[in-house]
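Tertiary structure, described
The lines below spell out each chain.
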Amino acid sequence: MNSDFSFVVSRRRFLQVASAAAAAAMQPSSLRAAPVEDRRIAVAPGQASLTGGGGQTAVWAYDGTVPGPTLRLRQHEPVRITVENGLDEDTTVHWHGIRLPNAMDGVPGLTQPPIKPGQSFVYEFTPPDAGTFWYHPHADSLVQLGRGLAGALIVEEREPVSVDRELLWLLQDWRLTKDGQIAPGFGNMMDAAMSGRVGNVVTINGGPPADQKVRVGERVRLRLANASLARIIALRFEGHRPIVVAIDGQPCDPHEPDGGRLVLAPAMRIDIVLDMQGDPSKRYAVTDDFYDSLAYSLANLVYDTGPPLRPHPLDAPLRLPANPLPAPDLAEAERQEIVLQGGMMGGGKLAGVGGMMGMGMPGMNGEAAWAINGVSMTGDGHAGMAPQFTLKRGTTCHLTMRNQTAWWHPMHIHGFSMLVLSRNGSPVPHRQWQDTVLLAPKDMIECAFVADNPGDWMLHCHVADHQMAGLMTVFRVT
Ligand code: C2O
Ligand code: CU
Ligand code: CU
């Protein structure tokens, strides 16, 4: 019986392969599909050594590691990634910042059915842009991201960039109990209606920050990604002058950041170039001073004692090759506005939000603490979410975002990258394209993008508690 069955299967397979080969042979070579890179990622509970010293923390992991494996893809080359769900709850994977077909975007209910426990889903896309991206679940997002599910996704430039070395720091923030386990209480009211679940342990690439060894004279490209639930990070490199060359994966005009400070809100990435011009065997602190009076030293650059790699900084251009982003047509743009409302105000009161639905205990069981234009969409995405606005494919959208709340919000758009035009009325320089734009309390930001990618797309705050509690919306491109 068995051998008959396998004969049938293999014969059918043989026929499929044979006919595919025949079809390929009839096509001119330029039409033949490029070979697809095949990858698998298993999602499952695991253990991680987040704090060093031999202690283990129970986590959820991609391929058993926190963060998940760094996926290195090539620009314009197709990839197929099979995700196997070994959790006992639904999951999906969202390829954050990649401009891909809507069906591959990983939003449960909205773009795909959730991946049930024991099942898998095949993601297929061709990254159009080179840069620093990341991947994470979009189901039970607060808990799944908070338990460690995140990984870097790097799309390599067609031609290598002239640096001596490339480094990646994927930053994660954890709320751990005294015995080093992930603290319970995800989605409580205090977190949901205020700053979100800010933790007490920051890791770099899944471990305690360690010394970063560097060499005098070398030029390093450092890819920074903030995969935290809620912690905003502002890095300073003592004794060094970082040059920002890309934001959210998209190249910008190379520039020094304001005040030498790199602000990375949750989900944001910044690529910097560092010329290591310090003194041999000296240590230079890298500090995070985002929260007033809570500055701490995150890591150190530690120079080796060897001879300099070169006497002067490398004399090579810093500008990265441009990605094929469509240029917004501002004269013909369609204007849309998103107003962020809700959250805790002074005196411990929850802001009243006109038309807000589902008010109750904020943050509990997906109830609302926030709203966009008077509507609270809670949770992770589900079927039947009515779009806030609809754009005809190809039109430029001029999007204004107003933060009427007392809190910071990194607003993230799926499927697109937006050119940031102005902040509180002042033009934003250096041609910054971003998929995640940080709004300070009361900020007003104007952006533009060409709606060239059809589908229903999410637009939400990337503080996971805020998204779950209503700071989320959907728009449609037809
Ligand atoms: Cu990084 Cu909607 O996600
Ligand atoms: Cu995204
Ligand atoms: Cu927010």
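Here's the deal with the pattern of salt bridges
- Enumeration according to the criterion identifies 30 salt bridges in this entry.
- Here Glu-157 makes a salt bridge to Arg-221, at a shortest N to O gap of 3.1 Å. Here Glu-157 is found in the loop between strand 8 (151–156) and strand 9 (165–174), whereas its partner Arg-221 is found in strand 12 (residues 219–226), with 64 residues between them in sequence.
- Owing to a relative accessible area of 13%, Glu-157 belongs among the buried residues under this scheme.
- Given the relative accessible area of 2%, Arg-221 is considered buried.
- Taken together, the shared-partner salt bridges connect Arg-72, Glu-156, Glu-157, Glu-166, Arg-221, Arg-223 and Asp-271 into one network.

What to know about the coordination of the copper ion (ligand 2)
- Coordination of the copper ion (ligand 2) by the protein comes from His-94 (NE2) and His-412 (NE2), over a distance range of 1.8 Å. Placement of His-94 in strand 5 (residues 94–96) and of His-412 in strand 26 (residues 409–413) is noted, with a sequence separation of 318 residues between them. Of the two residues examined, His-94 and His-412, each falls in the buried class.

Some words on the environment of Ala-464
- Inspection of the secondary structure assignment puts Ala-464 in helix 4 (residues 464–468).
- Considered as a pair, Ala-464 and Asp-140 are 324 residues apart in the sequence and their alpha carbons are 9.6 Å apart.
- Excluding anything up to four places from it in sequence, Ala-464 contacts Leu-142 and Leu-229.

Brief notes about the sheet that holds strand 19 (residues 296–303)
- Strand order in the open sheet formed by five strands is 11-19-18-13-16, and the pairing between neighbours is mixed. The sheet terminates laterally at strand 11 (212–214) and strand 16 (262–264), the two strands that pair on one side only. Across the sheet, the mean angle from the axis of one strand to that of its neighbour is 25 degrees, orientation sign disregarded.
- Pairing of strand 18 (residues 283–288) with strand 19, which is carried by six bridges, proceeds in the antiparallel orientation. Pairing of Arg-283 across the sheet is with Val-302, part of strand 19.

Some thoughts on the environment of Asn-188
- You can see Asn-188 is positioned in the loop between strand 9 and helix 3 (189–193).
- Here the alpha-carbon distance between Asn-188 and Asp-465, two residues 277 residues apart in the chain, equals 8.6 Å.
- Here Gly-185 takes part through its backbone oxygen, which lies 3.1 Å from a polar atom of the side chain of Asn-188.

Concerning the layout of surface pockets
- Taken as a whole, the largest pocket spans an internal volume of roughly 680 Å³.
- Lining the largest pocket we find 25 residues, and of these Asp-258, Arg-261, Val-263, Arg-423 and Gln-432 sit closest to its centre.
- Elements with a contribution of two residues or more to the lining of the largest pocket: strand 14 (243–247), strand 16, strand 27 (418–423) and strand 28 (426–427).
- Among the residues making up the lining of the largest pocket, the classes are represented as 15 nonpolar, five polar and five charged.

Considerations on the sheet that holds strand 17 (residues 269–275)
- Spatially, six strands are ordered 10-9-12-17-14-15 in an open sheet, and the strand pairing comes out mixed. Edge strands, defined here as strands with exactly one partner in the open sheet, are strand 10 (201–204) and strand 15 (250–255). With direction set aside, neighbouring strand axes in the sheet form an average angle of 25 degrees.
- Alignment of strand 12 against strand 17, held across seven bridges, turns out to be antiparallel. Across the sheet, residue Leu-224 finds its bridge partner in strand 17, namely Ile-270.

Here we look at the nonpolar core
- Counting 83 residues, the largest nonpolar core has Trp-95, Leu-153, Met-401, Phe-449 and Phe-475 as its most contacted members.
- Counting 34 residues, the second-largest nonpolar core is a separate cluster that includes Val-202, Val-220, Ile-247 and Met-268.

With respect to the packing of aromatic side chains
- Using the criterion set out here, one finds 14 aromatic pairs in the structure.
- Between Phe-416 and Phe-449 the ring centres are 5.0 Å apart and the planes differ by 45 degrees, which places this aromatic pair in the tilted class. With Phe-416 in the loop between strand 26 and strand 27 and Phe-449 in strand 31 (residues 444–450), this pair connects stretches of sequence that are 33 residues apart. Judged on exposure class, the residue Phe-416 and its partner Phe-449 are both buried.

Rules of the game
In this numbering scheme, every chain counts its residues from 1 along its sequence in written order. Lettering for chains starts from A, numbering for ligands starts from 1, and both go in the order in which the items are written. This being a predicted model, a pLDDT of at least 70 is required before a residue's local features are given, and a value of 80 or more before pairs of side-chain atoms are given or counted; all residues contribute to the totals for chains, interfaces and linings. Processing note: side-chain calculations cover all non-hydrogen atoms of the structure and skip hydrogens and water entirely. Salt bridge, as used here: a side-chain nitrogen of Lys or Arg that lies within 4 Å of a carboxyl oxygen of Asp or Glu. The helix count covers DSSP runs of H or I at least four residues long, the strand count covers runs of E at least two residues long, and both are numbered beginning at the N terminus. When a residue's accessible area, from a 1.4 Å probe over protein chains only, is under 20% of the maximum for its type it is buried; when over 50% it is exposed; and in between it is partly exposed. Note: metal donors comprise N, O and S atoms at 2.8 Å or less from the metal (3.2 Å for Na, K and Ca); water molecules are not included, so apparent gaps in a site are possible. By the convention used here, residues are in contact when the closest approach between their heavy atoms is within 4.5 Å. Only strands joined by at least two bridges in the DSSP assignment are considered to pair. Fitting a line to C-alpha atoms yields each axis, with helices limited to the stretch in contact; the angle taken between N-to-C directions then spans 0 to 180 degrees. The term polar contact refers here to a pair of N or O atoms within 3.5 Å; inside protein, the definition further demands a hydrogen-donor-capable atom paired with an acceptor-capable atom, and it admits residues adjacent in sequence only when both atoms are side-chain atoms. Both cavities and pockets are sets of points on a 1 Å grid over the protein atoms alone; in a cavity a 1.4 Å probe fits but cannot get out, in a pocket the set is open with protein on both sides within 12 Å along at least five of seven lines, and lining residues sit with an atom within 4 Å of a point. Grid points are joined across faces, edges and corners, and a volume is the space filled by probe spheres set on the points. When residues are grouped by polarity, Ala, Val, Leu, Ile, Met, Phe, Trp, Tyr, Cys and Pro land in nonpolar, Asp, Glu, Lys and Arg in charged, and all others, Gly among them, in polar. Nonpolar cores are built from buried Ala, Val, Leu, Ile, Met, Phe, Trp, Tyr and Cys residues. Side-chain atoms within 4.5 Å join them into one set. Pairing of aromatic rings covers Phe, Tyr and Trp, the last through its six-membered ring, and needs centres within 6.5 Å; plane angles under 30 degrees mean stacked, over 60 mean edge-to-face, and all others mean tilted.

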